[in-house]
Amino acid sequence: MQETRLDTARIRAARRVIDPVFLDTPLYRCEALEPGLGCTVSIKLETANPVRSFKARGTEVVASLLADKGSRAAVCASAGNLGQALAWSGRGRGLDVTVVASRFATRAKLDRIRALDAGLELVDGDHEMARERAAAIARYDGIRLVEDSLDIETCEGAATIGLELVDAAPSFDTVLIALGGGALATGVGHVVKALAPEVEVICVQPLGAPAMTRSWRGRRVVTTDSTDTIADGVAGRRPIPAVLDDLLLVADDAVLVQEASIIAGMRMLLDHAGLVVEPSAALGIAAILEDRVRFAGRHVVTIVCGSNVDVDAYHGWVGAAPIHGS
């Protein structure tokens, strides 16, 4: 395999600086999902931690390095999950954290960022506008700008999930990974291709936020003017060239799924796995639902990457709980 920006030795070392509360997350076969999907399904559950997403694996690495260097502050742009994670990791290491987000971001995520003692600045635009504002703050204040997916620490922190998948040595032959900025996909993909190259790495993105998938397919950066998806955690418009270069080396495929399939995946995870997840975390299930023939007979691992949802919005998508036995 050609070399990505990631390094497997650094990824193994990252486990030593990540709080154990974020490591060795549950990996289990979920037989209850299988009749409806037509394949063997295992879940890697990245929601059972203080920030309810995988993002803290990366921010723990970032914050550890900043603390070692004597840095006192950092800023990031976030749809919500990265901001929570950086706030959590920074608070534990004495860092002043500022998060820039769209004022249209999920309220529960914004409230949690505030609760973790981070400064929160809201912009009247989308995530790309938040990225621009965070960069301006970093320049003006002379502090570290944490850029998800571009900063290698965020990718290598996420890559520790790949180590846990491979080290568990289950018989899976496919891993389905939510694709947004690319930290999770390039991180897990790097480890899987380095240590278990026979496993197929498939990235999944909403049809309403297709920039990275179109870029992967075209082998060049493709931007979009807007996004239209409930999966806010992966709703980027401007892929980062260096991240795309890595993705081209580790992804076997990138697919787009419809909103209805994402909602159906969320409902399946609630009904059959007892999991309340955000839309981005249901992308893997959505991909199977849209192409059962492709996955028939396979053992698929899907990474359930986050569970930070607005309760009212979630009920609007998923609906009332079913009445069993009726």
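Scope of this entry: the structure provided in the associated data block. Bear in mind the structure is a predicted one, so any value in this text is a computation, not a measurement.

## Details of the overall build of the protein chain
Piece 1. Scanning the protein chain from terminus to terminus reveals 14 helices and 10 strands.
Piece 2. For the protein chain, the spread of C-alpha atoms along the principal axes amounts to about 55 × 45 × 40 Å.
Piece 3. Per-residue burial over the protein chain gives 56% buried out of 326 residues.
Piece 4. Pairs at least 24 residues apart make up 74% of the contacts formed inside the protein chain by residues separated by at least 6 positions.
Piece 5. As displayed, the protein chain offers around 13000 Å² of accessible surface, 49% of which is attributable to carbon and sulfur atoms.

## A few points about the pattern of salt bridges
Pairing between side chains of opposite charge can happen when the charged atoms of each approach one another.
Piece 1. All told, the structure shown has 26 salt bridges when counted by the stated rule.
Piece 2. A salt bridge links Arg57 to Glu164; the shortest N-O distance between them is 2.9 Å. Here Arg57 is found in helix α3 (residues 56–68), whereas its partner Glu164 is found in helix α7 (residues 152–168), with 107 residues between them in sequence.
Piece 3. A relative accessible area of 8% places Glu164 in the buried class.
Piece 4. Bridged by salt links that share partners, the residues Arg15, Asp24, Lys44, Glu46, Arg57 and Glu164 form one connected network.

## What about the packing of aromatic side chains?
Aromatic rings in a pair are described by how distant their centres are and how their planes are angled relative to each other.
Piece 1. Going through the model one piece at a time under the given rule, you end up with 1 aromatic pair.
Piece 2. A ring pair is formed by Phe22 and Trp88, whose centres lie 4.9 Å apart and whose planes are at 90°; its orientation type is edge-to-face. Placement of the pair is Phe22 in the loop between α1 (8–14) and β1 (27–29) and Trp88 in helix α4 (residues 81–91), with a sequence separation of 66 residues.
Piece 3. The exposure class of Phe22 is buried, given its relative accessible area of 1%.

## Topic: unusual backbone geometry
Piece 1. With phi around 50°, Asp24 is a residue other than glycine that occupies positive phi space.
Piece 2. Relative to the assigned elements, Asp24 resides in the loop between α1 and β1.
Piece 3. Phi at Asp117 is positive, roughly 70°, even though this residue is not glycine.
Piece 4. On the secondary structure map, Asp117 appears in the loop between α5 (107–115) and β5 (119–123).

## A word on the environment of Asp167
Piece 1. On the secondary structure map, Asp167 appears in helix α7.
Piece 2. For the pair Asp167 and Ala196, spaced 29 residues apart in sequence, the C-alpha separation works out to 9.9 Å.

## Considerations on the nonpolar core
Piece 1. Counting 72 residues, the largest nonpolar core has Leu33, Leu37 and Leu184 as its most contacted members.
Piece 2. Per element, the largest residue contribution to this core is 8 residues, and it comes from α7.
Piece 3. Every residue in contact with Leu184, bar those within four places of it in the chain, is listed here: Phe54, Ala158, Ile161, Ile177, Ala178, Gly189, Ile303 and Cys305.
Piece 4. With 24 residues, the next largest nonpolar core counts Ile18, Ala63, Ala74 and Ala118 among its residues.

## A few points about the sheet that holds strand β7 (residues 174–178)
Piece 1. Taken in spatial order, the 6 strands of this open sheet run β1-β2-β10-β7-β8-β9, and their pairing is mixed. Two strands close off the open sheet at either side, each with one partner strand: β1 and β9 (253–257). Strand-to-strand, the axes of this sheet are offset by a mean angle of 25°, without reference to chain direction.
Piece 2. Where β7 lies against strand β10 (residues 299–304), 3 bridges are found, and the strand directions are parallel. Its bridge partner lying in β10, Val175 is registered against Val301.
Piece 3. Across the face of the sheet, helix α12 (residues 283–290) comes into contact with β7, β8 (200–206), β9 and β10 while running at roughly 85° to β9.

## Focus on α5
Piece 1. Every buried residue of α5 is listed here: Lys109, Leu110 and Ile113. Buried residues of α5, seen end-on, are gathered within an arc of 100° and therefore sit on one face of the element.

## Considerations on the pairing of β9
Where a strand is regular, its side chains alternate between the two sheet faces.
Piece 1. The buried fraction of β9 amounts to 5 of the 5 residues, a majority that puts the element mostly inside the structure.
Piece 2. Side chains of β9 alternate between two faces, with Asp253, Val255 and Val257 and Ala254 and Leu256 buried alike.
Piece 3. As paired elements, β8 and β9 share 5 bridges and run parallel to each other. The residue bridging Pro206 from the neighbouring strand is Val257, located in β9.

## Some details on the sheet that holds strand β3 (residues 73–77)
Piece 1. On the basis of which strands lie adjacent, the open sheet formed by 4 strands has the order β5-β4-β3-β6 and parallel pairing. Both outer strands of the open sheet, β5 and β6 (144–146), are each paired with one neighbouring strand and no more. Adjacent strand axes in the sheet meet at a mean angle of 25° when their direction is disregarded.
Piece 2. Both strand β4 (residues 96–102) and β5 contribute to a ladder of 5 bridges, which runs parallel. Bridged to Val100 within β5 is Glu121.

About the criteria used
- Residues numbered from 1 in each chain as written.
- Predicted model: local features only at pLDDT ≥ 70, side-chain atom pairs only at ≥ 80, totals over all residues.
- Heavy atoms only, no water.
- Helix = DSSP H or I, 4+ residues; strand = E, 2+ residues; numbered from the N terminus.
- Buried < 20%, exposed > 50% of the residue type's maximum accessible area, 1.4 Å probe, protein only.
- Contact = heavy atoms within 4.5 Å.
- Areas by Shrake-Rupley, 256 points an atom, 1.4 Å probe, with all protein chains shown as cover.
- Salt bridge = Lys/Arg side-chain N within 4 Å of Asp/Glu carboxyl O.
- Phe/Tyr/Trp six-rings, centres within 6.5 Å; stacked < 30°, edge-to-face > 60°.
- Core = buried A, V, L, I, M, F, W, Y, C linked by side-chain atoms within 4.5 Å.
- Pairing = 2+ DSSP bridges.
- Axes fitted to C-alpha atoms, helices over the stretch in contact; angles between N-to-C directions.
- Arc of directions from axis to C-beta.

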